[in-house]
Amino acid sequence: MEFRDYYAVLGVPKTASSKEIRSAYRKLARQHHPDVNPGNKEAEERFKEISEAYEVLYDPEKRKLYDTLGPQWREYERYREAGGTASPSEFAQATTAGAGAGAGAGRGGQGFDPFAGARRSTRGAASPDDLHDIFGQESPYSDFFSSIFGDVQGTTRRARRGGDVEAQVELSLEDAFRGTTVQLQITDPTGTPRTIEARIPPGVRDGSRIRLAGQGAAGRGGAAAGDLFVVVSVRPHPRFRREGDDLRTDASVDMFTCLLGGVIRVPTLKGTRLEVRIPPDTQNGQAIRLKGQGMPHLRHPERAGDLYVEVRVVLPTGLNAEERELVAELADRYEHHGEKGGAR
Amino acid sequence: MGLILYRVEVVTDILDIPRVQLRRYEQAGLVVPSGAPEKPRGRARYTEEDLRRIRRIRRLQRDLGLNLAGLQVVMRLLDQVDELQRRVVRQ
């Protein structure tokens, strides 16, 4: 594998100062920036090269590493992976001495340009970078850059635990009843989105916080990631009201069923309909308890609250003359019995 | 899909940006945190979209050497381009 000469990319000599490098970079960036050349793939590619070259050459440490290693970066990488601890320069010296040709000789010698050439064709597979924001998912940096310098933040700063992050999730009462799985997309420091699946247990309440350990912001320098807290908000339901683990719902019941008793069918959150016996003399607003038909308990889902069915008496309307007479007769008898009726 | 919210200290940590710089962006109207605060009278938090915006601002500032005034112009234009693209997609 060969690499680009970053100095040539920026059009600066190898002795250029960082100020000259920055100046050259900005001049080129203004010409080729994707925001200035929307839809121009060639400009985008060129800008990637320029940015990559700048990333390496503007940082004195990276530049030194680049100057020292030349084409031996892969060997050095394998060496580090195998547990080697030598510095890049020691490594370069050792390998070039073994091969019978020094890096300096190579640079000056026949056809050996440590910085020239092509890169791997799968550029998109290189490590991500915040240039994702401008270029989308395709990484602007070649494998060379990413494999040598790796996680720039992680290698240059002190280890520190990542921050905690909060995710707000809105659920229906049905989802809270059954439990569900929600997908959360969180972006890591390099700008790469990752999807996390958070399992929401049955019986979750409005305002519940579910902790997903180690799923928050990434830590620095190998430190642990922060936690992700999923904060659940449960949407109000048009039919059911929640009180702790109990549910309440209204059922419209005709006057005669309330007076004489009967059976009505009540929908539940499970999606089924339960037959509920209405006892005689049921009053308006009276609640009938259906044991175990409420929300599952968050920590013990095998237990569940109760469902209270509140009776809403529906009076007949549009009575004809005969019916009104019958009702009046009933009212007379009701008063005659000395029982207390409603206001008339 | 849930809405991810970041407190300001997490944003500065993730993006490796000084808090004072983030304040400057906010004062210049370049970014306004759009997430609900943690407490009723607390500071608004940042969404993923806000983070993407800050990354873009940082990149533009570094790549083109834009100052805050330049950033305001470019970001406004980019917002308009984004909005037009959304409209085209919708049609």
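Residues numbered from 1 in each chain as written. Chains lettered and ligands numbered in written order. Predicted model: local features only at pLDDT ≥ 70, side-chain atom pairs only at ≥ 80, totals over all residues. Heavy atoms only, no water.

**Q** Teacher, can you tell me more about the overall build of chain B here?
**A** Scanning chain B for helices and strands turns up four helices and two strands. Each helix and strand of chain B, placed in order from N terminus to C terminus, yields the pattern β-α-α-β-α-α. Looking at chain B as a whole, 44% of its 91 residues are labelled buried. For chain B, restricting intrachain contacts to residue pairs at least 6 apart in sequence, the fraction spanning at least 24 positions comes to 51%. Here chain B has roughly 5100 Å² of accessible surface; of this, 53% comes from carbon and sulfur atoms. (Helix = DSSP H or I, 4+ residues; strand = E, 2+ residues; numbered from the N terminus. Buried < 20%, exposed > 50% of the residue type's maximum accessible area, 1.4 Å probe, protein only. Contact = heavy atoms within 4.5 Å. Areas by Shrake-Rupley, 256 points an atom, 1.4 Å probe, with all protein chains shown as cover.)

**Q** I keep staring at the side chain of D5 of chain A and nothing clicks. Help me out?
**A** Secondary-structure assignment places D5 of chain A in the segment before α1 (6-10). At 2.9 Å, the side chain of D5 of chain A forms a polar contact with the backbone nitrogen of Y7 of chain A. (Polar contact = N/O pair within 3.5 Å; in protein donor to acceptor, adjacent residues only side chain to side chain.)

**Q** Just checking my understanding: could you explain the sheet that holds strand β10 (residues 287-290) of chain A for this structure?
**A** Hydrogen bonds between backbone groups are what pair the strands of a sheet, and the pairing can be parallel or antiparallel. All names here are of chain A. Here four strands make up an open sheet; going across it, the order is β6-β7-β11-β10 and the pairing mixed. In the strand order of this sheet, the two ends are held by β6 (240-243) and β10, each with one partner. Averaged over all adjacent pairs, the angle separating strand axes in this sheet is 30°, with direction ignored. Examined bridge by bridge, β6 and strand β7 (residues 246-254) share four bridges and lie antiparallel to one another. Counterpart to F240 in the pairing with β7 is T249. (Pairing = 2+ DSSP bridges. Axes fitted to C-alpha atoms, helices over the stretch in contact; angles between N-to-C directions.)

**Q** Quick question: what am I supposed to make of the interface of chain B and chain A here?
**A** Many analyses report the size of an interface as the accessible area lost when the parts associate. Contact residues are listed per partner, giving 26 residues for chain B and 37 residues for chain A. A combined buried area of about 2800 Å² lies between chain B and chain A, and 46% of that area is made up of carbon and sulfur atoms. There are four salt bridges connecting chain B and chain A. R62 of chain B serves as the salt-bridge partner of E55 of chain A, at 2.5 Å between the closest nitrogen and oxygen. In this structure, the connection of chain B to chain A is made through eight residue pairs in polar contact (both at pLDDT 80 or more). The set of elements that each furnish at least two residues to the side of chain B that touches chain A consists of β1 (3-6), α1 (8-15) and α3 (48-64) of chain B. Considering every element that reaches the side of chain B that touches chain A, the biggest residue donor is α3 of chain B, with 10 residues. Here the side of chain B that touches chain A is composed, by residue class, of 11 nonpolar, three polar and 12 charged. (Buried area = accessible area lost by both parts, 1.4 Å probe. Salt bridge = Lys/Arg side-chain N within 4 Å of Asp/Glu carboxyl O. Nonpolar A, V, L, I, M, F, W, Y, C, P; charged D, E, K, R; others polar.)

**Q** Would you take a moment to explain the packing of aromatic side chains for this structure?
**A** Think of a pair of aromatic rings as described by two things: how far the centres are apart, and how the planes are tilted against each other in angle. All names here are of chain A. Taken as a whole and assessed by the stated rule, the structure comprises two aromatic pairs over all chains. Both rings, one in Y25 and one in Y54, keep their centres 3.8 Å apart while their planes meet at 10°; by these two values the pair is stacked. Of this pair, Y25 sits in helix α2 (residues 18-32) while Y54 sits in helix α3 (residues 41-58), and the two are 29 residues apart along the sequence. Y54 carries the same exposure label as Y25, and that label is buried. (Phe/Tyr/Trp six-rings, centres within 6.5 Å; stacked < 30°, edge-to-face > 60°.)

**Q** Just to check I follow, could you spell out the environment of R299 of chain A for this structure?
**A** Along the chain, the position of R299 of chain A falls in the loop between β10 and β11 (307-314). Measuring from C-alpha to C-alpha, the distance between R299 of chain A and V204 of chain A comes to 9.2 Å, with 95 residues separating the pair along the chain.

**Q** Can you help me understand the pairing of β10 of chain A in this one?
**A** Two faces make up the sheet, and in a regular strand the side chains alternate between them. Residues and elements named next belong to chain A. Judged by which residues are buried, β10 turns out to be one-sided: I288 and L290 face inward and are buried, whereas A287 and R289, on the alternate face, are not. Where β10 and β11 come together, four bridges link them in antiparallel fashion. In the strand pairing of β11, R289 is matched with Y308.

**Q** How do you make sense of the sheet that holds strand β4 (residues 209-212) of chain A when you look at a structure like this?
**A** Strand order in this open sheet of five strands is β4(A)-β5(A)-β1(A)-β1(B)-β2(B), and the pairing throughout is mixed. Here the strands that pair on one side only, and so sit at the sheet edges, are β4 of chain A together with β2 (46-47) of chain B. Two strands pair when backbone bridges link them, and strand β1 (residues 165-171) of chain A and β1 of chain B are joined in this way by three bridges, in the antiparallel orientation. Within β1 of chain B, the position partnered with E166 of chain A by the bridge is L5 of chain B.

**Q** Can you help me understand the confidence of the model for chain A in this one?
**A** For any part of a model where pLDDT is low, the fine detail of the predicted coordinates should not be relied upon. Looking at chain A as a whole, its pLDDT mean stands at 77, while 73% of the residues score no less than 70. Note that pLDDT drops below 50 for residues 98-156 of chain A; the model gives that stretch 130 contacts with residues more than four away or on any other chain. (pLDDT = per-residue confidence, 0-100.)

**Q** What exactly am I supposed to notice about the environment of T257 of chain A here?
**A** All names here are of chain A. The topology assignment puts T257 in helix α12 (residues 255-260). Relative accessible area serves as the criterion here: at 14%, T257 is assigned to the buried category. Once the C-alpha coordinates of T257 and D281 are considered, the two residues, 24 residues apart in sequence, prove to be 8.6 Å apart. What T257 contacts, discounting residues up to four positions off in sequence, is G262, I278 and P279.

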